[in-house]
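# Examination of the molecular architecture
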Amino acid sequence: MVITATGERLPQVVYWGERLPLGEDLVTLHNAHAIDVTGGMLDENPDLSLSPEASRTFPGQPGLIVRSEDGTPLLPKFCFESVENGKDLTIRYRDEGNGLTLTFEFITDAETHIIRSKTVLNTDSPVHLHWLAAPVVPAPQASDEMIDFTGRWCGEFQTNRTAWSPGIRYRENRTGRTGHEHFPGLIIPCSGATNTQGEAYAFHYGWSGGHRMVAEELPDGRRQIQWGHAARMEHEASTEFSTAPLYMTYSNEGLNGCAVSFQRHVRDRIVTWPKPDRPRPVHYNCWEAVYFDHKLDVLCDIADRAAKLGAERFVLDDGWFGNRDDDTRALSDWEVDPRKYPDGLTPLIDHVKSLGMSFGIWFEPEMINPDSNIHRAHPDWALGAEDQLLGRQQKAINMALPEVRDFIYDRMSAILANHDIDYIKWDHNRVLPMPDAAQTRGSYRLIDRLREQFPNVEIESCASGGGRIDFGILQRTQRVWLSDSNDALERLNIQHNAALFLPLSITGSHVGPRRCHTSGRMFDISFRAWVAAQRHMGFEMDPRELDDYETRVLTEVTSWWKHNRDWMEDADILRLDSQDPAVIAEQQMPRDGERFVVFAGKAATSAQIAPRPLRLTGLNPHSMYEVNLANRLTASHLSRGMPALKEGPIQVSGAYLMHHGVTLPWSFPDTMWVLEGKRL
Ligand code: DGJ
């Protein structure tokens, strides 16, 4: 990335992307960067700076919109103040007339290829903030479209492709949480880029309170990308505002290059692991088995069976506190329900521990039901108007209030301190009544305080599934509940797209009930188990429903996962360019490239009758590899031919695997081929 400035004016990114040769003359780049002027234009083109200024006649969206405390709009115009250019880069600019200081920070990570940047505004007297953009960068001209993300409950990480055209692609998330609908990511592929080849630029805004993204093509053809908190979510005038970190990367290895940068950065830089050497334990979560109907003997029986299947952590979901018999009541009454647990949680925890599993527990700390003791005692603790619309019969609790945070902290820490608990599933099941940055900061503070007090407790970020997944929450948590959908087919798609940002180690995936509770569909246990084995594996069905065949398959796949997790947890997830749209495939491979596993999910019946070869990626073309079907025995009776892979392992070159591809046996829809490879 090359950042240059003309005189005192705010600097601009004049180049970013492929590494330039060391001898490149940056002054020449600065001069060569300026675009020409013709009729109908200003005499000089306003800079597309790190914070474009309306006061300099910038023809697009400005980077900062601010008003004085009395509401008068300010028109910022910044001049150079200082620069610190060590390992990190900090650039400071000052608007003396308006008493504003703008600071841009850049931190580059040479290993993960991520640039982390943010903008901070300091002011001499309090101001009202409308919009503050993280450092603004240009988007490539050699790109026809952009990819951003939408979704819904049980359908997270859907991609939108939008063609570039003059004007704005504007995403604003005003829900007050990251949301299923607005994952804060953007990929700009250069023309012709696919998963495995071509150039791409990508962004992620690490904030859980809702963001704004602006991708704008100016009348002169230049393109700018802006990210920040959703506008007007700072309700109070203040003298300091900051954006969240903006994470940016570039790849000349297709979308996978960007995906690998994000995956590694999340796993190795953002998430802090209480016990980094401990393999990710196989989870059992009881939600879809019992819902609110907690009975000690049933839960103990379920725990016995889950442990036999291979579970290593038992997570007690919603329903253990207050009088929580359904989702209409008791949120915020964080005390064990004596009707369901007359001797407290200890008997259940002791039983779980005796089976060799650790114990996790569900909370939804930022929420309150009007029908709860705490709401009756402190109705003023709820966030938003009294007559607001409820969501799942609940309100958010005002996390900006220190007394509220203290109360929740006391209740949660009492549970954690008095029990042997190493895991919290932290839920957030409704949007806020209005966007509010103070609420998000309050949530962060509560989590940080609990983590300081209980450093060995891991946290899973859940919000009706994947409603709060972003690098801000991942600084404080170790797992995301990607979706409430345990439907293996839906999951296959969601996991595939989420891998553009998220590594295996933090992405929870469970084997659900035989008939999926959120789609009504039924899939064979083999498909359900392998889809869960693509990520951090767990179970969520009632194990009492499993027949002998299902028990055998699930035990086998779980044991396969345990044998492989050590290397898979550190592997990159590479999305494959399948020539058959019915096949959704990925290759997981560690950095040394010595081995890999390919998961090829058959998401539909194919248009053509026979499978097309599936090309692999990232291999050494000159090396020989042995590839083998891990689940050969599941071939259907309608696969009647004898492709070599069906009979046993084959030895072929990396060149063959990447340029021709493997020819898999014919398969039914809703099945998965698992192909293991090792370099010879
Ligand atoms: C929503 C979550 O996504 C579910 O997994 C479960 O924890 C429920 N909340 C509990 O109320």
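Predicted, not measured: the structure shown is a model, and the values here were computed from it.

### Description of the overall build of the protein
Within the protein, the secondary structure is distributed over 14 helices and 33 strands. With the principal axes as the frame, the protein shows a C-alpha extent of 80 × 70 × 40 Å. By residue count, 59% of the 680 residues in the protein fall in the buried class. The contacts of the protein with a sequence gap of at least 6 include a subset with a gap of at least 24, amounting to 70%. When the accessible surface of the protein is summed, it comes to about 26,100 Å², and 50% of that surface belongs to carbon and sulfur atoms. When the 70 basic and 94 acidic side-chain charges of the protein are each reduced to a single mean position, those positions are 4 Å apart.

### As for the sheet that holds strand S31 (residues 624-629)
An order of S28-S29-S30-S33-S31-S32 is seen for the six strands of this open sheet, with the pairing classed as antiparallel. Single-partner strands in this sheet number two, and they are strand S28 (572-575) and strand S32 (650-653). In this sheet, adjacent strand axes meet at a mean angle of 25° when their direction is disregarded. Both S28 and strand S29 (residues 583-589) contribute to a ladder of four bridges, which runs antiparallel. Each residue of the ladder has a partner; that of Ile573, found in S29, is Gln588. Where helix H11 (residues 525-533) meets the sheet, it contacts strand S30 (595-602) and strand S33 (671-679), and its direction lies at approximately 45° from that of S33.

### Regarding helix H8 (residues 437-453)
A rise of 1.5 Å per residue sets the reference length of H8, with its 17 residues, at 24 Å; its end C-alpha atoms lie 25 Å apart and thus fit the reference within 8%. Looking at H8, one finds that the buried residues are Ala437, Gln439, Thr440, Gly442, Ser443, Tyr444, Leu446, Ile447, Leu450 and Arg451. In this structure, the buried side of H8 is in contact with strand S15 (223-229), strand S22 (395-396), helix H7 (402-418), strand S23 (423-426), strand S24 (458-461) and helix H9 (471-474). Put simply, Asp436 is the residue that caps the front of H8, since its side-chain oxygen is 3.0 Å from the backbone nitrogen of Ala438.

### Observations concerning the packing of aromatic side chains
Per the counting criterion, the structure on display carries 31 aromatic pairs. Ring geometry for Phe149 against Phe501: centres 5.4 Å apart, planes inclined by 80°, an arrangement best described as edge-to-face. You can see Phe149 sitting in strand S9 (residues 145-152) and its partner Phe501 sitting in the loop between helix H10 (488-498) and strand S26 (507-511), a full 352 residues away along the chain. You'll find Phe149 and Phe501 in the same group, each marked buried. Each residue in the set Phe149, Phe157, Phe183, Tyr247, Phe262, Phe471 and Phe501 is aromatic and connected to the rest through ring pairs, giving one cluster. We note Arg212 situated over the ring of Trp131; from NZ or CZ to the ring centre the distance is 4.7 Å.

### What about empty space enclosed by the protein?
This structure, assessed with the given rule, holds eight cavities of 30 Å³ or more. One number sums up the size of the largest cavity: a volume of about 90 Å³. Leu129, Leu132, His229, Ala230 and Glu234 are the residues nearest the centre of the largest cavity, which is lined by 13 residues in total. If you tally residues by element for the lining of the largest cavity, the top one is strand S7 (residues 114-132), at four residues. In this structure, the second largest cavity spans a volume of roughly 50 Å³.

### Examining the pattern of salt bridges
Scanning the model with the defined rule gives 53 salt bridges in all. Ionic pairing is found between Glu458 and Arg313, a salt bridge with its closest N-O pair at 3.6 Å. Residue Glu458 is found in strand S24, and its partner Arg313 is found in strand S19 (residues 313-316); the two are separated by 145 residues along the sequence. Both residues of the pair, Glu458 and Arg313, belong to the buried class. The salt bridge partner of Arg339 is Asp337, with a shortest N-O separation of 2.6 Å. On the basis of relative accessibility, which here comes to 1%, the residue Asp337 falls in the buried class. Each of Asp109, Glu111, Arg267, Asp268, Arg269, Asp570 and Arg591 takes part in salt bridges that share partners, so that together they form one network.

### Notes on the packing of H10 against H11
Close contact between H10 and H11 brings their axes to 9 Å; oriented N to C, the two are set at 25°. Considered as vectors, H10 and H11 are oriented roughly parallel to each other. Like other packed secondary-structure pairs, H10 and H11 cross with a definite hand, here left-handed. Contact residues: H10 offers Ala488, Leu489, Arg491, Leu492 and Gln495, while H11 offers Phe527, Arg528 and Val531. Its residues placed into classes, the contact of H10 with H11 shows five nonpolar, one polar and two charged.

### Description of the packing of H7 against H8
Where H7 meets H8, the axes come as close as 11 Å, and the angle between the chain directions of the two elements is 30°. As for the relative orientation of H7 and H8, their crossing is right-handed in sense. Facing H7, whose interface residues are Arg405, Asp406, Ile408, Tyr409, Met412, Ser413 and Leu416, H8 presents Gly442, Arg445, Leu446, Arg449, Leu450 and Gln453.

### Details of helix H12 (residues 548-568)
The end-to-end C-alpha distance of H12 is 29 Å, a good match for the 30 Å that 21 residues give at a rise of 1.5 Å each. A bend of about 35° at Lys562 is the largest found in H12. Two to three positions downstream of the cap, the backbone nitrogen of Tyr549 sits 3.2 Å from a side-chain oxygen, assigning the N-cap of H12 to Asp547.

### Describing the side chain of Arg479
By the secondary structure assignment, Arg479 is in strand S25 (residues 479-481). The class of Arg479 is buried, set by a relative accessible area of 0%. At 3.4 Å, the side chain of Arg479 forms a polar contact with the side chain of His283.

### Describing the site of the ligand
Neighbouring the ligand are 13 residues, the closest being Asp317, Asp318, Lys425, Asp427 and Asp484. Arg392 places a side-chain nitrogen or oxygen 2.8 Å from an oxygen atom of the ligand. Contact with the protein chains removes 98% of the 290 Å² of surface that the ligand exposes when unbound.

### A look at the nonpolar core
Note that soluble globular proteins tend to have their nonpolar side chains buried in a common cluster. Phe314 and Trp320 are the most contacted members of the largest nonpolar core, which totals 162 residues. Beyond its immediate stretch of four places on either side in the chain, Phe314 contacts Tyr284, Cys286, Leu299, Ile302, Ala303, Leu348, Val352, Met357, Ser358, Phe359 and Gly360. Formed by 24 residues, the second largest nonpolar core is a distinct cluster that contains Ala600, Leu614, Leu616 and Val652.

### Examining unusual backbone geometry
For Cys154, which is not a glycine, the phi torsion comes out positive at approximately 65°. On the secondary structure map, Cys154 appears in the loop between S9 and strand S10 (155-163). When its relative accessible area of 6% is taken as the criterion, Cys154 is described as buried. Residues other than glycine seldom take positive phi values, yet Tyr291 does so here, at roughly 50°. Of note, Tyr291 is situated in the loop between helix H3 (287-290) and helix H4 (296-309). Look at Tyr291 and you get partly exposed, because its relative accessible area is 30%.

Basis of the calculations
The written sequence of each chain sets the order in which its residues are numbered from 1. It should be noted that, the model being predicted, local features are given only for residues of pLDDT at least 70 and side-chain atom pairs only at 80 or more, the latter also being counted only at that level, while totals for whole chains, interfaces and linings use all residues. Hydrogens and water are ignored here; the side-chain numbers use all heavy atoms of the structure. Strands here mean DSSP runs of E at least two residues long; helices mean DSSP runs of H or I at least four residues long; both are numbered from the N terminus. Each residue's exposure class comes from its accessible area (1.4 Å probe, protein chains only) as a fraction of the maximum for that residue type: buried when under 20%, exposed when over 50%, partly exposed otherwise. Should any heavy atoms of two residues lie within 4.5 Å, those residues are counted as being in contact. A 1.4 Å probe and the Shrake-Rupley method give the accessible areas. Residues count as covered only by the protein chains that appear here. Positive: Lys, Arg. Negative: Asp, Glu. His and the chain ends are not part of the count. For this purpose, a charge sits on NZ of Lys, CZ of Arg, CG of Asp or CD of Glu. Pairing between strands is defined by DSSP: at least two bridges between the two strands are required. Axes here refer to lines fitted to C-alpha atoms; in helices the fit is confined to the stretch in contact. Angles between the N-to-C directions go from 0 to 180 degrees. A helix is expected to span 1.5 Å for every residue after the first. Polar contact criterion, stated in full: a pair of N or O atoms within 3.5 Å, where within protein one must be able to donate a hydrogen and the other to accept it, and residues adjacent in sequence count only if both atoms are side-chain atoms. Any two of the Phe, Tyr and Trp rings considered here, Trp counted by its six-membered ring, make a pair once their centres fall within 6.5 Å; the pair's planes then place it as stacked at under 30 degrees, edge-to-face at over 60, or tilted in between. Any Lys NZ or Arg CZ that is within 6 Å of a ring centre and within 35 degrees of that ring's normal is treated as a charge sitting over the ring. Using a grid of 1 Å spacing that covers the protein atoms alone, one calls a set of points a cavity when a 1.4 Å probe fits there but cannot get out, and a pocket when the set is open and has protein on both sides within 12 Å along at least five of seven lines; lining residues are those with an atom within 4 Å of a point. Grid points are joined across faces, edges and corners, and a volume is the space filled by probe spheres set on the points. Whenever Lys or Arg places a side-chain nitrogen within 4 Å of a carboxyl oxygen from Asp or Glu, that contact is recorded as a salt bridge. Here roughly perpendicular refers to angles of 65 to 115 degrees, roughly parallel to angles under 35, roughly antiparallel to angles over 145, and oblique to all remaining angles. For a crossing to be left-handed, the near helix must be turned anticlockwise from the far one by less than a right angle; the clockwise case is right-handed. Any residue outside Ala, Val, Leu, Ile, Met, Phe, Trp, Tyr, Cys, Pro, Asp, Glu, Lys and Arg is labelled polar, Gly included; the first ten of those are nonpolar and the last four are charged. One axis fitted to the seven residues ending at a residue, another fitted to the seven starting there: the angle between these axes is the bend at that residue. Neighbouring residues are identified by heavy atoms, a residue being near a molecule or strand if any of them is within 4 Å of it. For our purposes a nonpolar core is just a set of buried Ala, Val, Leu, Ile, Met, Phe, Trp, Tyr and Cys residues, chained together by side-chain atoms within 4.5 Å.

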